[in-house]
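A structural walkthrough
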There are 2 protein chains.
Amino acid sequence: MKVLVLGVDGYIGWALAQKLVKKGHEVYGADNFFTRKRVREVGSDSVLPIPPISRRLLDFRAHYGKSLVFYRGNVTNPKFMYDLFRKVKPDAVYHLAEQRSAPYSMIGLKQANETMVNNIVSTMNLIYAAKDINPDVHIIKLGTMGEYGTPNIDIAEGFFEVEFRGRRDTLPFPRNAGSWYHWTKVHDSNNLMFANRLWNLRITDVMQGVVYGTSTAEIKDSRLFTRFDIDEVWGTALNRFVAQAVAGLPITPYGKGNQKRGFLSLEDSINCLNIALEKPPGDGEYRVLNQFDQYYSVNFLAETVRDVYGELTGNEAKIEHVRNPRVESEDHYYNPDHAKLRELGYKPSGDLRGDIRNMISDLMEHKEKCLLLRKVVMPKTLWRGSPGVS
Amino acid sequence: MKVLVLGVDGYIGWALAQKLVKKGHEVYGADNFFTRKRVREVGSDSVLPIPPISRRLLDFRAHYGKSLVFYRGNVTNPKFMYDLFRKVKPDAVYHLAEQRSAPYSMIGLKQANETMVNNIVSTMNLIYAAKDINPDVHIIKLGTMGEYGTPNIDIAEGFFEVEFRGRRDTLPFPRNAGSWYHWTKVHDSNNLMFANRLWNLRITDVMQGVVYGTSTAEIKDSRLFTRFDIDEVWGTALNRFVAQAVAGLPITPYGKGNQKRGFLSLEDSINCLNIALEKPPGDGEYRVLNQFDQYYSVNFLAETVRDVYGELTGNEAKIEHVRNPRVESEDHYYNPDHAKLRELGYKPSGDLRGDIRNMISDLMEHKEKCLLLRKVVMPKTLWRGSPGVS
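Counting from 1, residues in each chain are numbered in the order their sequence is written. Throughout, the order in which chains and ligands are written sets their labels, letters from A for the former and numbers from 1 for the latter. For a predicted model such as this one, the threshold for reporting local features is a pLDDT of at least 70, and the threshold for listing and counting side-chain atom pairs is 80 or more; totals across whole chains, interfaces and linings nevertheless cover every residue.

Examining the overall build of chain A
Helix and strand content of chain A: 13 helices and twelve strands. Taken over C-alpha atoms, the radius of gyration is set against a globule rule of 2.2 Å times the number of residues to the power 0.38. Computed over the C-alpha atoms, the radius of gyration of chain A is 20 Å, within 12% of the 21 Å expected from 2.2 N^0.38 for a compact globule of 390 residues. With respect to the principal axes defined by its C-alpha atoms, chain A has extents near 60 × 55 × 50 Å. Burial statistics for chain A: of 390 residues in total, 59% are counted as buried. We call two residues in contact when the distance between their C-beta atoms, placed using the backbone, is within 7 Å. Counted over contacts in chain A with a minimum sequence separation of 6, partners at least 24 positions apart contribute 84%. The secondary structure listing takes helices from DSSP runs of H or I that are at least 4 residues long and strands from runs of E that are at least 2 residues long, numbered from the N terminus. With C-beta atoms placed from the backbone, a residue is labelled by how many other C-beta atoms lie within 10 Å of its own: buried for 20 or more, exposed for 12 or fewer, partly exposed between the two.

A look at the nonpolar core
What makes a nonpolar core is a set of buried Ala, Val, Leu, Ile, Met, Phe, Trp, Tyr and Cys residues, with links drawn between C-beta atoms within 7 Å. The biggest cluster of nonpolar side chains holds 249 residues, and the ones touching the most others in it are Val5, Val242 and Val305 of chain A together with Val5, Val242 and Val305 of chain B. Not counting residues up to four positions away in its chain, the partners in contact with Val5 of chain B are Gly13, Leu16, Ala17, Val27, Gly29, Tyr94 and Leu96 of chain B.

Section: the interface of chain B and chain A
Listed per partner, the contact involves 46 residues of chain B and 44 residues of chain A. Looking at the side of chain B that touches chain A element by element, the count peaks at eleven residues for helix α6 (residues 109-133) of chain B. The nonpolar class holds Ala, Val, Leu, Ile, Met, Phe, Trp, Tyr, Cys and Pro. Asp, Glu, Lys and Arg form the charged class, and all remaining residues, Gly among them, are polar. Per-class residue counts for the side of chain B that touches chain A are 29 nonpolar, seven polar and ten charged.

Observations regarding the relation of the copies chain B and chain A
Copy-to-copy superposition: least squares on the C-alpha atoms, limited to residues that have pLDDT of at least 70 in both copies. For the pair chain B and chain A, the best superposition has an RMSD of 0.0 Å and corresponds to a rotation of 180° with a translation of 0.0 Å parallel to the axis. The symmetry that links the two subunits is that of a two-fold axis. Looking at chain B, 96% of its interface residues are interface residues in chain A too, so the copies touch through the same face.

A closer look at the sheet that holds strand β10 (residues 260-265) of chain B
Residues and elements named next belong to chain B. In short, DSSP must find at least two bridges between two strands for them to pair. What the three strands build is an open sheet, ordered β9-β10-β12; its pairing is mixed. On the outer flanks of this sheet lie β9 (210-212) and β12 (294-297), each paired with one strand and no other. Taking each pair of neighbouring strands and ignoring which way they run, the sheet shows an average axis angle of 45°. The pairing of β10 with β12 spans four bridges and is classified as antiparallel. When the sheet's bridge partners are listed, Gly262 is paired in β12 with Tyr295. Helix α9 (residues 266-278) rests against β9 and β10 of the sheet, and its axis sits at about 80° to β10. Here, axes are lines fitted to C-alpha atoms. For helices the fit covers the stretch in contact, and angles between N-to-C directions go from 0 to 180 degrees.

Quick word on unusual backbone geometry
All names here are of chain A. Look at Lys89: it is not a glycine, yet its phi comes out positive at around 45°. By the element assignment, Lys89 lies in the loop between α4 (78-88) and β4 (92-95). With 13 C-beta atoms packed within 10 Å, Lys89 lands in the partly exposed category.

Considerations on the pairing of strand β10 (residues 260-265) of chain A
Residue and element names in this part refer to chain A. Of all six residues that make up β10, six are buried, and the element is covered over most of its length. Burial of the side chains of β10 extends over both faces: Lys260, Gly262 and Leu264 are buried on one face and Arg261, Phe263 and Ser265 on the other. Here strand β9 (residues 210-212) runs beside β10; their pairing, made up of three bridges, is parallel. Its bridge partner lying in β10, Val211 is registered against Leu264. By convention, orient the strands away from the viewer: a clockwise path from the first strand over the helix to the second makes the crossover right-handed. In this region the chain leaves β9, passes through helix α8 (residues 237-246) and returns to the parallel neighbour β10; the handedness of that crossover is right-handed.

Re the environment of Glu218 of chain A
Residues and elements named next belong to chain A. Within the fold, Glu218 resides in the loop between β9 and α8. Placed 196 residues apart in sequence, Glu218 and Lys22 show a C-alpha to C-alpha distance of 8.0 Å. Residues in contact with Glu218, not counting those within four places in the same chain, are Gln18, Lys19 and Lys22.

Quick notes on the packing of helix α7 (residues 180-199) of chain A against helix α7 (residues 180-199) of chain B
With their axes 10 Å apart at the nearest point, α7 of chain A and α7 of chain B run at an angle of 160° to one another. Taken as axis vectors, α7 of chain A and α7 of chain B run roughly antiparallel relative to one another. In terms of crossing hand, the pair formed by α7 of chain A and α7 of chain B is right-handed. For the pair α7 of chain A and α7 of chain B, the contacting residues are Trp183, Val186, His187, Asn190, Asn191 and Phe194 of chain A in the first and Trp183, Val186, His187, Asn190, Asn191 and Phe194 of chain B in the second. Should an angle fall under 35 degrees it is taken as roughly parallel, and over 145 as roughly antiparallel, whereas 65 to 115 is taken as roughly perpendicular and any remaining angle as oblique. Note on convention: near helix rotated counterclockwise from far helix by under a right angle means a left-handed crossing. Clockwise means right-handed.

Focus: the sheet that holds β10 of chain A
Residues and elements named next belong to chain A. One open sheet holds the three strands; their spatial order is β9-β10-β12, and the pairing between them is mixed. Either end of the sheet is taken by a strand with one partner, and the two such strands are β9 and β12 (294-297). Going from strand to strand, the sheet's axes swing by 45° on average, the running direction of each strand aside. In this fold helix α9 (residues 266-278) packs onto β9 and β10, with an angle of close to 80° to the strand it touches most, β10.

Notes on helix α10 (residues 298-313) of chain A
Residue and element names in this part refer to chain A. A helix's residues, less one, multiplied by 1.5 Å, set its expected span. A rise of 1.5 Å per residue sets the reference length of α10, with its 16 residues, at 22 Å; its end C-alpha atoms lie 22 Å apart and thus fit the reference within 8%. Burial in α10 covers these residues: Val298, Leu301, Ala302, Val305, Arg306, Val308 and Tyr309. Where α10 is buried, its residues contact α8, β12 and α12 (352-364). Where α10 ends, the next residue or the one after it, Gly314, has phi of about 75°, a positive value.

Topic: α12 of chain A
Residue and element names in this part refer to chain A. The terminal C-alpha atoms of α12 lie 18 Å apart, and with 13 residues this matches the ideal 18 Å at 1.5 Å per residue to within 8%. All of the buried residues along α12 are Leu352, Asp355, Ile356, Met359, Ile360, Asp362 and Leu363. Seen along its axis, α12 keeps its buried residues to an arc of 165°; they face one direction. In α12, the exposed positions angled more than 90 degrees off the buried face are occupied by Arg353, Gly354 and Met364. Here the buried face of α12 lies against β9, α8, β10, α10 and α13 (367-372). In this context, the arc is that of the directions from the helix axis out to the C-beta atoms.

Pasting the structure below:
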């Protein structure tokens, strides 16, 4: 298949491209290096060294014996999106090219609006390019489990049957996100659902949990590393905790730490995204998949990192709760469905301790980098702070 | 009170400003004349003559003995919004400054993206300006009944108590809109709900039905007219039907015409918006009001216009169903709640035939203008057409 990965230079994109080429697909990618630039702006960097795209593409070709055809450009530009579709004529397209950080979207009004516009317009351009140029294309769009928030009822996969005053209907499961970033994913989901109603586009909308991990089965060689962020803006909970332990810093859950979220390893994320490709929805189907392995409390993850780090190194990592910069429930019911990907063949690796062990080993080789980044790991972006125009 | 009306030059804005000044408020307004410009672009015009804003402001002052303080500018510019808030320090702000046409948003990708960006960014700017400069301000935001779509269950006002697998929660009522425009209102509602959670802003989110009418109790004088659009892009169902009858053209329901929607007169809309102001939500409350008088099928409205026009003039208007340019259910359950505004004191005028009679009289005086606009009244904007980049 011809597979186009928008955001191919990113954490998931670069790992996914490697899986796809191994599976025998023709892989095309696009990126505008938004994440590289924005990570530098907060004084941070990927802990695992990643070379410039030109070098990456050479290493990719050397290792896999096949090229990744790369286009530099911004998918919020309709013309760039249309040109991509005309050149590539993809059978499937992964949209991973959105602003992907919740804290970034909360820095202030400028970043909030930038996140709204980038994410919504890129998805709109994708919808129109698909229906105008290649209406059979399978769109695989990254959303987030965070779209649902933490309701006091079970979370269905996209839709649920509801009874209200004695009548029944199947309706979109109510969303209740917790940052401007998360809301853009809700807006995208709504727009994609409507695009499907208008033009019968074939869409998989992935409600993904928090991804952790330094590596996948394909990444055998440090030249093939994907990026790995640990700062408060671009790093996510478990990745940050492991880096804190390795750097000899306290592990810092936000608030009480009883918040529960769905998590999955990078390996599992890539496997699930590949399953979505290999088991596409039917013609004209809009499909929502809740994509995660298990849900954990933040405290459980902090304690597990501490324990595994202790077993491996003999050193004791401390856990220090810090004031929660976010606006979120710290004690809540959480029971999201996640059956559909399993029915399609997803076998969760289910080895959290093994995954953490591997991450610690990988990061130990970049301990100085973790230390260098210790200044950017603590939360500064306050949800209720978020300034506007000064 | 100091009341700021964003979009004061529009259909509802100009009528609302007159109500507010009569009620003794200090009225401030802003507009960038987006609607005037875009209506001209589709070769159309307001049937009722409206002078330039400079003239409008003079007539306003002459009639009411008080000035409307006007600021020209674009509320998608954060600086303009902040400056407005700093200068006016409003006690309440009505946000009527969004792109308000469903067909316009479906013309093509350019207009779809423009609608997304305009509407979402203007509301984000409003949220931030409010919380930074005047966090006690009451935000009254125009949404639409179209946010809900036509589910097979009763429609609650914003939130509903849902039971799912034996557990209960009160959640946002699922939205399922029918055009990009309607979806931007959903996105706005979601963003406002979240802003309320972050900063306890006091918000009334108005899910308004389709507004019809040429006049209100305040508009005694043709110099005080508000605009009145009848073309396929900027006119809405009932307004268009009356103009068609007056011009001697067939009345053209889309498709089968069994679509049901909530409707209210311009007079009632202004009264409801005034009630929202006089009976504000509590501190830190996000309140959703379903604002309409009654729901009717499109066919019932077409037939009522035909009948009233016949009684008044002795002439027979024809009804000709045209192919539905939209993607919507033409036979569906519809039973939206609308109790809250009534509890706050809204007494619906409930005189549809009288309202239509008045509209016919008003439009008869501008029959040539209706005739002139006959070329733009038939639907050309096809929901499934909507082209992208050529």
